[in-house]
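Survey of secondary and tertiary structure
Chain by chain, the residues run as shown.
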Amino acid sequence: MTIGTIHLLALDLDGTTLSHDGIVTPRTKAAIEKVAATGAIVALCSGRSNATMAAAKASIGLDVLQVAFNGCLGLGYTENVLFKDTLSTDQVSAVLNVATQLNSTVNYYSESVIYAVPKSPQHKALIARYQAQTGAQYKLIDSYSSIQTATCKLLILTETVAEVERTLRTALGDTVEIVRDNYFVECLPARVNKGVGFTKLCKQIGMPVQNTAAFGDGINDIEFLQAAGVGVAMANAKAELKSVASRVTEFTNREDGLAIELERMLEQGRFAAPPAGTIEM
């Protein structure tokens, strides 16, 4: 493969591929289609569950590979599982204990629904906020002890992110991977992040990471962009991500920033199909 040629385009969803109102705009859809028309592979890489990635995938309307749950789950074109990491029973118990201590509610994920135990109006409001952002299907229950399903991640919904993150790190150390966002803190299996998952995906299909480009906007995209051959931060990205990116888009996700950057890269002839017979999916 030619160094510098991009054979795989990997896209974060929220704040990147999705506009501020949570949709794939016509211009973004058209730009991704043009990338795919070159023969380059397209992958969606998100902190979301695969179930909450489905609407965005359908909007794009292409066969894509997926990395879900911030790197814990890799899926092929037919939703076949390429890899999967889950939290241990002890890790789940430890996170739930911290959430109980902080009087917080938790998203407990299966691959199709989210279980939650709301115990206050504030909990219900946070669940509604997350549901509005992602389209998640919830199953509200009385106790997490009734769940028998292994989970890729737990997500603590909170209006005090810094306090929750600090308490988790004090209580759990490095036994789980902790990722913060605007109104939630995620807990993943130790030493798993979106960069690790993306690297696993590339290895699974035989794609050298130097022939990839990744776009993102959040703290959870730091390792993701660092892993890719070209790591592009959105203009609306967190400062921490911009500091490690190969470059930053001129425009935000509100302004079709992803589409504009892809159009420029297409004009430069950056995208191409991988050599025949080198990729397995």
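Since we're looking at a predicted model, the values are computed, not measured.

Turning to the sheet that holds strand S9 (residues 154–157), a few remarks are in order. Strand pairing in a sheet relies on backbone hydrogen bonds, with the paired strands running either antiparallel or parallel. Ordered in space as S8-S7-S6-S9-S11-S10, the six strands form an open sheet in which the pairing is mixed. Both edges of this open sheet fall to strand S8 (138–140) and strand S10 (176–180), since each of them pairs with a single strand only. Ignoring which end each strand starts from, the neighbouring axes of this sheet average 25° apart. In this structure, strand S6 (residues 105–109) lies alongside strand S7 (residues 114–116), joined through two bridges in antiparallel fashion. Its bridge partner being in S7, Tyr109 is matched across the sheet by Ile114. Contacts from helix H4 (residues 89–101) reach S6, S9, S10 and strand S11 (184–189), with the element oriented near 5° to S9.

The subject of this paragraph is helix H2 (residues 26–37). Between its first and last C-alpha atoms H2 spans 16 Å; for twelve residues at 1.5 Å apiece the expected length is 16 Å, and the two agree. Looking at the packing, one finds that the buried side of H2 touches strand S1 (8–11), helix H1 (13–17), strand S2 (41–45), helix H3 (50–60) and helix H10 (257–267). Gly39 sits one or two residues past H2 and shows a positive phi near 100°.

What follows covers the domain arrangement of the protein. You can read the domains of the protein as domain 1 (8–84 + 193–268) and domain 2 (89–189). In this structure, domain 1 and domain 2 have C-alpha centres spaced 25 Å apart. If you look at the interface, domain 1 gives 17 residues, while domain 2 gives 16 residues. Between domain 1 and domain 2, a total of about 1400 Å² is buried, with carbon and sulfur atoms accounting for 56% of that surface. When the area that domain 1 buries against domain 2 is broken down by residue, the three leading residues are Thr52, Phe69 and Cys72, summing to 30%.

A separate point is the sheet that holds strand S14 (residues 247–248). Strands sit in the order S5-S4-S3-S2-S1-S12-S13-S14 across an open sheet of eight strands; the sheet is mixed. Unpaired on one side and paired on the other, strand S5 (81–84) and S14 mark the two borders of the sheet. Relative to strand S12 (residues 212–216), S1 runs parallel, the two sharing four bridges. The residue bridging Ala10 from the neighbouring strand is Ala214, located in S12.

So, about the packing of H2 against H10. Two numbers describe how H2 lies on H10: the axes approach to 8 Å, and their chain directions differ by 30°. Of the possible angle classes, the one that applies to H2 and H10 is roughly parallel. The chirality of how H2 crosses H10 is left-handed. Note on element contacts: H10 touches H2 through Leu258, Ala259, Ile260, Leu262, Glu263 and Leu266, opposite Arg27, Thr28, Ala31, Ile32, Lys34 and Val35. A breakdown of the residues in the contact of H2 with H10 according to their chemical character gives eight nonpolar, one polar and three charged.

This paragraph deals with the side chain of His123. Here His123 shows up in helix H5 (residues 121–134). When near neighbours in sequence (up to four residues on either side) are disregarded, His123 contacts Asn103, Ser104, Thr105, Val117 and Pro118.

Inspection of the secondary structure puts Glu165 in helix H6 (residues 161–172). Between the C-alpha atom of Glu165 and that of Val185, which follows or precedes it by 20 residues, the distance is 6.6 Å. Here Glu165 is in contact with Ile178, Arg180 and Val185, once residues within four sequence places are set aside.

For the rest of this paragraph, the subject is unusual backbone geometry. Among all residues except glycine, the phi angle is most often negative; among peptide bonds, the trans geometry is most common. Of note in this structure, Phe69 is not a glycine but carries a positive phi near 55°. In this structure, Phe69 sits in the loop between strand S3 (65–68) and strand S4 (73–75). Classification of Phe69 as buried rests on a relative accessible area of 1%.

Quick look at the side chain of Glu186 now. One can find Glu186 in strand S11. With relative accessibility at 5%, the residue Glu186 sits in the buried group.

Attention now moves to the packing of H4 against H6. Contact geometry of H4 with H6 gives a least axis separation of 10 Å together with a crossing angle of 135°. Looking at the two axes, H4 sits oblique to H6. Every pair of crossing elements has a handedness; the one defined by H4 and H6 is right-handed. Facing Ala94, Val95, Val98 and Gln101 of H4, the residues of H6 in contact are Thr167, Leu168, Ala171 and Leu172.

Rules used throughout
- Residue positions within a chain follow its written sequence, with the count starting from 1.
- Per-residue local features are limited, in this predicted model, to residues with pLDDT of at least 70; the limit for side-chain atom pairs, both in listing and counting, is 80 or more; totals at the level of whole chains, interfaces and linings are taken over all residues.
- Hydrogens and water molecules were not included; the side-chain quantities draw on all heavy atoms of the structure.
- A pair of strands is labelled paired if DSSP reports no fewer than 2 bridges between them.
- The secondary structure listing takes helices from DSSP runs of H or I that are at least 4 residues long and strands from runs of E that are at least 2 residues long, numbered from the N terminus.
- Every axis corresponds to a line fitted to the C-alpha atoms, with the helix fit spanning only the stretch in contact, and the corresponding angles, defined between N-to-C directions, vary from 0 to 180 degrees.
- Note on definitions: a residue-residue contact is assigned when non-hydrogen atoms from the two residues lie within 4.5 Å.
- Helix span, expected: 1.5 Å multiplied by one less than the number of residues in the helix.
- The split of the chain into domains comes from an automatic or database domain assignment.
- Here's the idea: put two parts together, see how much 1.4 Å probe accessible area each one loses, and the total over both is what we call buried area.
- An angle counts as roughly parallel when it lies under 35 degrees, as roughly antiparallel when it exceeds 145, as roughly perpendicular when it falls between 65 and 115, and as oblique in every other case.
- Note on convention: near helix rotated counterclockwise from far helix by under a right angle means a left-handed crossing. Clockwise means right-handed.
- When residues are grouped by polarity, Ala, Val, Leu, Ile, Met, Phe, Trp, Tyr, Cys and Pro land in nonpolar, Asp, Glu, Lys and Arg in charged, and all others, Gly among them, in polar.
- For every residue, the accessible area (1.4 Å probe, protein chains only) is compared with the maximum for its type, and the residue is labelled buried under 20%, exposed over 50%, or partly exposed between those bounds.

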